[in-house]
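Examination of the molecular architecture
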Amino acid sequence: MKRTLRRVWNRLLGSLRLRNSDVDLADEIDAHIQLMADDDIRRGVPPAEALRRARIQFGGVDSAKEFYRDQRGFPSLDSLAQDIRYSLRGIRKNPGFAAVAILSLAIGIGANTAIFSVVNAVLLQPLPFPNQDRIFAVREVLPRFTSSIPVNPLHAHEWAKHCPSLEQVALIRNARYQLNSGGEPESIIGGQVPHNLFSLYGVKPILGRTFLPEEEQPGKNRVVVLSETLWRSHFRADPGLVGRTIQLNEQNFQVVGIIPAWFRLPFSAGIVEQAVTVRMRIFSPLVFGQGELSRLMGNFNYNAAARLKPGATAEQALAEINVVQARFPQQAGSSTELKATLIPIHELIAGRARLGLWMLAGSVGAVLLIVCINLANLLLSRIASRRQEAAIRTALGASRGRQFRLVLMESLLLSFTGGVLGVLLARWLLQLLVASTTLDLPRLEEVRLDPYVLAFSFCLTVLTGFLCGALPAWRLTHTNPQESLHSGSRTATEGHGGVRLRQALIGLEVGLSAALLILAGLLTTSLTRLLEVDKGFDMHRVLTVDLRLAGNLYAQEVNRQRLFDRILAKVNAMPGVHSAGIITALPTQGETWLDPIYLEGNTRPEGRHTVNNRFVSPGYFRAMNIPIRAGQAFEDRDRDRRVAVLSQKAAKRLWPDVPNPVGRRFIAEDNKPVVLIGIAADVRATLQDEAPPTVYYPYWQRVPGSAYLVVRTAANANAAAALRAALRSEDAQLPLPPIRTMEEVVERSVSERRFQMTLIVGFAVAALLVAILGIYGVVSYSVTRRRNEIGIRMALGAQRSQLLALVMRQGMAPVVLGLAAGIGVAYFLAQAIRGLLFDIQPADPTTISLVAAILLAVGILACLIPAHRAATTDAISALRID
Amino acid sequence: MLIWETNMSSTAEVWQGTLALMVLKTLNAMGPQHGYGIARRIEQTSENLLSINHGTLYPVLLKLEQEGSIASQWGVSENNRRAKFYRITKSGEKHLASELKQWSQATEIVARFVALKGSKA
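Residues numbered from 1 in each chain as written. Chains lettered and ligands numbered in written order. Predicted model: local features only at pLDDT ≥ 70, side-chain atom pairs only at ≥ 80, totals over all residues. Heavy atoms only, no water.

Our next topic: the overall build of chain A. In terms of helices and strands, chain A carries 25 helices and 23 strands. Against the globule reference of 29 Å for 882 residues, chain A gives a C-alpha radius of gyration of 38 Å, more extended than a compact globule. Its C-alpha atoms give chain A principal-axis dimensions of roughly 130 × 80 × 60 Å. Within chain A, buried positions represent 52% of all 882 residues. Residue pairs in contact within chain A that sit at least 24 positions apart in sequence constitute 81% of those at least 6 positions apart. When the accessible surface of chain A is totalled, it reaches about 39,200 Å², and 58% of it is carbon and sulfur. Averaged over its 97 positive side-chain charges, chain A has a centre that lies 4 Å from the centre of its 72 negative ones. (Helix = DSSP H or I, 4+ residues; strand = E, 2+ residues; numbered from the N terminus. Rg over C-alpha atoms; globule rule 2.2 N^0.38 Å. Buried < 20%, exposed > 50% of the residue type's maximum accessible area, 1.4 Å probe, protein only. Contact = heavy atoms within 4.5 Å. Areas by Shrake-Rupley, 256 points an atom, 1.4 Å probe, with all protein chains shown as cover. Lys, Arg positive; Asp, Glu negative; His and termini not counted. Charge placed at Lys NZ, Arg CZ, Asp CG, Glu CD.)

How big an interface is tends to be expressed through the accessible area that disappears when the partners come together. Each partner contributes to the interface: chain A provides 25 residues, whereas chain B provides 32 residues. Taken together, the two surfaces of chain A and chain B that pack against each other cover about 2,700 Å², and 52% of this comes from carbon and sulfur. For chain A, the biggest contributors to the area lost against chain B are R3, E28 and L35 of chain A; these three give 26% of the whole. Remark: the boundary between chain A and chain B carries 3 salt bridges. Broken down by secondary-structure element, the contributors of at least two residues to the side of chain A that touches chain B are α1 (2-15), α2 (22-42), α3 (47-58) and α4 (61-72) of chain A. Counting residues per element, the side of chain A that touches chain B draws most heavily on α2 of chain A, at 11 residues. Taken together, the residues that form the side of chain A that touches chain B break down as 7 nonpolar, 7 polar and 11 charged. (Buried area = accessible area lost by both parts, 1.4 Å probe. Salt bridge = Lys/Arg side-chain N within 4 Å of Asp/Glu carboxyl O. Nonpolar A, V, L, I, M, F, W, Y, C, P; charged D, E, K, R; others polar.)

A grouping of K2 and R6 of chain A together with K90 and K94 of chain B is seen on the molecular surface, where their side chains present a positively charged patch. Counting residues per element, the ones that place at least two in the positive patch are α1 of chain A together with α4 (90-115) of chain B. On the secondary structure map, K90 of chain B appears in helix α4. Given a relative accessible area of 71%, K90 of chain B falls into the exposed group. (Patch = residues over 30% accessible without salt bridge, like charges linked within 9 Å, V, L, I, M, F, W, Y side chains within 5 Å.)

Let's shift gears to the packing of helix α2 (residues 35-45) of chain B against helix α3 (residues 57-67) of chain B. All names here are of chain B. Where α2 meets α3, the axes come as close as 11 Å, and the angle between the chain directions of the two elements is 110 degrees. As judged from the angle between their axes, α2 and α3 are roughly perpendicular. Regarding α2 and α3, the two cross each other, and that crossing is right-handed. For the pair α2 and α3, contact is made by G35, Y36, I38 and A39 and by L57, Y58 and L61, respectively. Residues belonging to the contact of α2 with α3 are distributed by class as follows: 6 nonpolar, 1 polar and no charged. (Axes fitted to C-alpha atoms, helices over the stretch in contact; angles between N-to-C directions. Parallel < 35°, antiparallel > 145°, perpendicular 65-115°, else oblique. Left-handed = near helix turned anticlockwise from the far one by under 90°.)

Residue and element names in this part refer to chain A. At a minimum axis distance of 10 Å, the contact between helix α22 (residues 787-795) and helix α23 (residues 800-832) shows a crossing angle of 145 degrees. The interaxial crossing formed by α22 with α23 has right-handed handedness. Judged by residue contacts, I790, R793 and M794 of α22 engage R800, L803 and L806 from α23.

Let us look at the confidence of the model for chain B. All names here are of chain B. The predicted model of chain B has a mean per-residue pLDDT of 79, with 82% of residues at 70 or higher. Within chain B, the element-level pLDDT minimum falls on helix α1 (residues 10-30), averaging 72, and the maximum on strand β3 (residues 82-88), averaging 89. Residue range residues 1-14 is modelled with pLDDT below 50. Its contacts to residues more than four positions away, or to other chains, number 20 contacts. Of the two predicted TM-score estimates for the complex, the pTM is 0.73 and the ipTM is 0.79. (pLDDT = per-residue confidence, 0-100.)

Residue and element names in this part refer to chain B. With antiparallel pairing, the 3 strands of this open sheet are ordered in space as β1-β3-β2. Of all strands in the sheet, those with a lone pairing partner are β1 (33-34) and β2 (70-76), marking the two edges. Bridge count between β1 and β3: 2 bridges; the pairing is antiparallel. Looking at the pairing, Q33 lines up with Y86 of β3. (Pairing = 2+ DSSP bridges.)

All names here are of chain A. Pairing of strand β4 (residues 207-208) with strand β7 (residues 251-259) involves 2 bridges; the strand directions are antiparallel. The residue of β7 that forms the bridge with G208 is G257. Of the pairings in the sheet, the one linking strand β5 (residues 223-227) to β7 comprises 5 bridges and is parallel in character. Counted as the bridge partner of L226 is I258 from β7. Pairing analysis gives 4 bridges linking strand β6 (residues 245-248) to β7, with the strands arranged antiparallel. Bridged to L248 within β7 is Q251. Hairpin geometry of β6 and β7 is characterised by an intervening segment of 2 residues between the two adjacent antiparallel strands and by a positive phi of about 50 degrees at N249.

Let us look at the nonpolar core. Counting 116 residues, the largest nonpolar core has Y620, F621, I626, Y696 and L855 of chain A as its most contacted members. Residues contacting F621 of chain A, with those up to four places away along its chain left out, are V616, I626, I628, A633, F634, V645, A680 and Y696 of chain A. Of all hydrophobic cores here, the second largest spans 37 residues; its members include F58 and Y68 of chain A together with I42 and L61 of chain B. (Core = buried A, V, L, I, M, F, W, Y, C linked by side-chain atoms within 4.5 Å.)

Of all residues in chain A, 94% attain a pLDDT of 70 or more, and the chain-wide mean is 85. Low pLDDT, under 50, characterises residues 271-275 of chain A; the stretch is placed with 29 contacts to residues that sit more than four places away or in other chains.

Spelled out as structure tokens, the structure:
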């Protein structure tokens, strides 16, 4: 075995010409014959005769050499090497073509590899949870909301008690922890979780333990579990940390365990089913507030996870939960229908990116297909001029397979070079992508060129090589050599077959480009309309920063109120500040804090209206330029009375028939009456959805633990730095995240759409360019090939305009056909990506006609140049060419 | 007289194997030799019963070298001619020993059949 392997290795080396040159063998044979002759000479034979005898005795020198050569390497490998050398020669002879081919393939394969890496990491790779198919997020469903909402803790406890299919249910309350570990105080995202959460997800601590059931009681809950990431970044991975006490929110917490870095919880920030990709880094035991576990409906403030028993199905579990859900509205005196939904954990984390990513993957695949078609077309043209050579080869006995292989080898060489460059390009693109801080894509940090991706690129490269080369190779080998030897002379117009084939390919290219352009147009219009939609507020020249009050000092409401009062007074007095205010949740970040409002004396369930609750300072409406439609906004003198401002929609809900209800009373979130003092314009909670009904209360009515400061400034570049300094001077310990403009906040909310749109526009433009080149190349080539025919037509009296029309007609026919087909395809594709469109129909006539116009225009342009050349052909020189 | 076939048919394989054995044994007994020396020695050993077409020797030498049984080096012959000298390697000696064992077993078996006396014989 070892000997055989050794021999194979040495033969491989032999094939690569690294050992045993032919010269060596020739010398050796010469020496052999000489030595043999020497013996005879010594016996007295004349030298010439001795040499003759020796040669006879040796036998056929050439046959020996040939046999030796066959043994030295692998003959099939040698001919392969020969094919490669031949192809390389062809490529060297035509460096322009090779450069274009390799570059376009590199871009095509690179873009596909990059997009596939994202698809692979986000959608295909399983999450690291064991048994992830049994873990679901549970959310509640109320008819009033278009999407599901977080859960009520009492409801969740009832599911756990009454649903046999559920093995475990755990609630998660999002939390922020202010960590002082030297330097700037930091606000770190974490969660308050029950003791069974970690076992539900199947995660074991790498150090220490997780929580005990008794630690969920008030007073015993001063323990934390840290993520490995935080442990490494803030505590130098000190194994002695477990058991020690750290300061969080200015309180002592004992670290009891460290959980591995891969553990992530889907962190749903708002009511929308959007799981933000932030990883929680600090966990403390979940302790419920007073009365929380006796309050039905409302308080939909928790994320819930459920783990099914082995063998139970999601349908079963959901049916059981829905039975429990049906009881709650009745008990709470409401008539709405309450249901629930189970979302697979992977779906919750990555689901929202699915449609967009598959669309991008499809588009980038289409671009590569267009590139392949174009190269196939170019190779076809080149093949046509090599037909004569091929015919001669066949006539001399080259096998069809060998000829086929020769052409395929050339395209494979191109595709492999392109593939290698493409993977390098993808690596660079991915670095850009992962480093991008504006793109909010789930699992983005997991995107990398792993072995799956490389295998994909390899297969793609091989496939590309075959796609480009197979058709030309087939054309070349399936022609009658005799015919080729005749028609190969440049005087004859090419047969119909070749022309038809090339036209079909052009039609395909144009069709794909048209479809891509239409999709790109629809997405661009969607994003433009989304950004231009009347948001209800003015985002220009507004700065915002997240204020999170933690620690002993701010545990008391009065201290929080004092800080907010001081900050607002200070910022309002800053030069260049037009107005400043605070609010508990910014627009564009989703619906949150849902509680009902109703009229005094209302007993009917349908009279209770669930609305978004916001706590704001008087200056908020001015800072965001939200118009007050009736009455007025809050004033400082309202501090000693209970007042509220409603959005127009909320006011309409309470008093559908009253034109101006200002001054009337209704029951607020705390079940006590308030006076309506003003009606504000509707403000969208997310850009794509209609504004929800909203109620605004002054912040002193229930001082929040965290709020967003919004500041309208005169255009001043230094405003952010001045604002930061002002805030620092009020409380040096306050964690201050970066100050953003409201434009950035809005932009962030559309970052995924912008990412999709930018890429697909890029792909569509690339497709268009390649298609133009394709049209031009084919028409121009056919004009060159038909020079002789054109000359004859001219000699016979054809007018220039007739020739122009002839070329244009033949050039544009596949463009028009392809365009029609592309529009049809785009119609179905646009239906499939309906979820990504905003305020535009999948069959938007403006977009379609615009794309048609663009494609026809560039098609005509691409045909016009060669057509003009045909029309200005000099008949005499055209006929004289051979 | 035997003519050594140089095609790849199965009978030639047997003879090639045999030739390889002869080459190895020759090198083992005589020490480093050039191609001509090996050919001459094989003829002498067979007392000229075997006349080999010297050209066929080289593919065999190549195969043995590729397998690592022999190694080659350019040198100078006894009458001052530049020639390539082959010598048997350690692994070649091992190979030779096992081949010889197999060969003697095979000949022994064949010899028994040759010695078989039938009722008609």
